[in-house]
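Structure at a glance
Read off the chains here:
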Amino acid sequence: MAIATLPENFPTRLFINGEFTDAADKRTYNSINPATEEVIAPIAMAGKADLEAAISAAEAAFPAWAAMPAAKRSNLIWKVGEEISKRRDAFAALEAADAGKPIRENASIDVPMAADHFKYFAGVLRGLQGETIPVNDNLFVYTLREPLGIVAGITPWNFPLLMAARKIAPALAAGNCVILKPANPTPLTALLLAECIQAAKIPPGVVSVLPGKGSEVGQQIVEHPKIAAISFTGSTGVGVKMVRDAAPTLKKLTMELGGKSPNVIFADAELDSAIKGAQAAIFYNKGEVCTAGSRLFVEDKVHDEVVEKLGSRTAKLAGGNPLDDETRYGPQNNAEQFKTTMDYIAKGKAEGARLVAGGERMGDKGYFVKPTVFADVKPEMAIAREEIFGPVLAVQKFSEFDELMAKANGSEYGLAAGVWTRDVSKAHRYAKAIKAGAVWVNCYNWYDSAVPYGGYKQSGYGREMGLQGLMAMTQQKSVWVQL
Ligand code: NAD
């Protein structure tokens, strides 16, 4: 079934110098459909020789690409967005088969947003400009914004297309050449994106897509002296290693890392939407969202009611084949993530948390896990502290604002946070006090190409999207002229 989802002539090979090509050593690996555990297709796997070829192509392409008039570069990048939109259905189906993400969500969220990343950065790049700085009468000082050179994007498997777009679009807009290494389990939509880049007539060499292992081609990217910067999205563990290994070549790094985000329901919240929102905050994309609201804090006065309603709503959340239009909840992305999630559920039970919903595998085929809610969770339990990256919600009770803030901020992570209340002052007090890069008030998981995004603490540093995301792909030069 899954193989049939690959469009005819689908590129399953590396994209280097504007062409699809086998790996130099002809190695391949299998991409797996997590709903069926079947092989979708063998995919070319990049190694050192392929990375060198991509770097040579980028070096050759860079001068003309960087010097291209902004209007022309903007048009080409805008076209990539249009080519993505033209292939909406193919992208949605591939992401469903490869990543276990419901097809309807892919078509309505991931694909339009990926197209918008290209269109947003195509637009704002026209505003990239320098400044003049008054120093003294005998000097004329101005600044230039210049690209970094060859940059790399290294992405995770949870939103494969979106993450690829988020890395490539701002890097191109600033005039860089880009090498993208998608996550091993989910290479397909990155390769279809390469087809869009080809169709949009982005010059050969400007973008390369190299599926492969993190420990091989990923590590080689990190250590390569000709790569000026890496925009990384992934786990904190890999991010920390990357910072260390990139130090000798002084790469510029953007680190979008893990999270354990607090979501708070105050007693004065509009409870039905808060409960619905809390459910979506953790179970959207089967909990495989870096900003997932995985720690829910509920004010004691409404705690029992919220837990009861959340439990019964969650028990009704049925899983299904991500390729079916009706499916709202898919399998975990891959076998390893399935195991990690099941292990945390076992830990939650063993540590004495109260199981309110789920707590076991769903069916016996595919990597499905029942959406799981634990109540009476203590801050020291593993399910309250560690990122699970799966559909497991840990609910805790609070009674005072200061006690809440101590608990909510008592995490090594600081990616995102949510709060549900009708009291506008309380919402702003929370937004100010919480240590997180994004705060949602009476909503959760909103994103926009124009809004900067990134973490506090162990959730990383640097910002993607928005003007900051564009500036991160540039460097600034000051020019002094004696008059
Ligand atoms: P991961 O860290 O295991 O892998 C991410 C990428 O890094 C993959 O492409 C992988 O092949 C590569 N990689 C692994 N080892 C490498 C190495 N030594 N050198 C270079 N590259 C290497 O993460 P994952 O399991 O793919 O994704 C899940 C993680 O990503 C979670 O922790 C999640 O929170 C995080 N995430 C963060 C954000 C964010 O915006 N902050 C968004 C999505 C996911």
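Residues numbered from 1 in each chain as written. Predicted model: local features only at pLDDT ≥ 70, side-chain atom pairs only at ≥ 80, totals over all residues. Heavy atoms only, no water.

1. Regarding the sheet that holds strand β5 (residues 132-133)
- On the basis of which strands lie adjacent, the open sheet formed by 3 strands has the order β5-β6-β22 and antiparallel pairing. Pairing within the sheet leaves two strands with one partner each, and these edge strands are β5 and β22 (474-482).
- Bridge analysis of β5 against strand β6 (residues 139-147) gives 2 bridges, and the strand direction is antiparallel. Bridging from a neighbouring strand, T132 pairs with Y142 of β6. (Pairing = 2+ DSSP bridges. Helix = DSSP H or I, 4+ residues; strand = E, 2+ residues; numbered from the N terminus.)

2. What about the environment of E223?
- By secondary structure assignment, the location of E223 is in helix α7 (residues 214-223).
- On the basis of relative accessibility, which here comes to 44%, the residue E223 falls in the partly exposed class.
- Each C-alpha atom of the pair E223 and F283 lies 37 Å from the other, and the pair is 60 residues apart in sequence.
- Discounting residues that sit within four places of it in the chain, E223 has contacts with D245, T249 and K251.
- A distance of 2.7 Å separates the side chain of E223 from the side chain of Q219, its partner in a polar contact. (Buried < 20%, exposed > 50% of the residue type's maximum accessible area, 1.4 Å probe, protein only. Contact = heavy atoms within 4.5 Å. Polar contact = N/O pair within 3.5 Å; in protein donor to acceptor, adjacent residues only side chain to side chain.)

3. Concerning helix α5 (residues 160-173)
- Taking 1.5 Å per residue, 14 residues should reach 20 Å; α5 reaches 20 Å between its end C-alpha atoms and fits that length.
- Among the 14 residues in α5, 14 count as buried, and that is most of the element.
- Following α5 by one or two positions, G175 adopts a phi angle in the positive range, close to 95°. (Expected span 1.5 Å × (residues − 1).)

4. Looking at the site of the ligand
- Close to the ligand lie 28 residues; T155, S235, L257, C290 and E387 are nearest.
- Backbone polar atom of G214 to an oxygen atom of the ligand: 3.3 Å apart, as the coordinates give it.
- In isolation the ligand exposes 850 Å². Once the protein is present, 89% of that is buried.
- The set of elements that each furnish at least two residues to the shell around the ligand consists of α7, β10 (229-233) and α8 (236-246).
- For the shell around the ligand, the leading source of residues is α7, giving 4 residues.
- Built from parts of two domains, the shell around the ligand gets at least three residues from each of domain 1 (14-257 + 459-482) and domain 2 (262-448). (Near = heavy atom within 4 Å. Areas by Shrake-Rupley, 256 points an atom, 1.4 Å probe, with all protein chains shown as cover. Domains from an automatic or database assignment.)

5. Here's the deal with the state of the cysteines
- Inspection of the entire model under this criterion finds 0 disulfides.
- The thiol of C177 is not disulfide-bonded; the next cysteine sulfur, from C196, is found 19 Å away.
- With a relative accessible area of 0%, C177 lands in the buried category.
- With no disulfide of its own, C443 has C290 as its nearest cysteine by sulfur position, at a separation of 16 Å. (Disulfide = S-S within 2.5 Å.)

6. Comments concerning the domain arrangement of the protein
- Taken as a whole, the protein is organised into domain 1 (14-257 + 459-482) and domain 2 (262-448).
- Centre-to-centre, using C-alpha coordinates, domain 1 lies 31 Å away from domain 2.
- If you look at the interface, domain 1 gives 30 residues, while domain 2 gives 31 residues.
- In total, about 2,600 Å² of surface goes out of reach between domain 1 and domain 2, with carbon and sulfur atoms giving 55% of it.
- When the area that domain 1 buries against domain 2 is broken down by residue, the three leading residues are R104, W157 and S459, summing to 21%.
- For the pair domain 1 and domain 2, the interface holds 1 salt bridge.
- If you look at where domain 1 meets domain 2, you find 12 residue pairs in polar contact (both at pLDDT 80 or more).
- When residues of the side of domain 1 that touches domain 2 are assigned to their parent elements, the largest contribution, 6 residues, is made by helix α4 (residues 103-124). (Buried area = accessible area lost by both parts, 1.4 Å probe. Salt bridge = Lys/Arg side-chain N within 4 Å of Asp/Glu carboxyl O.)

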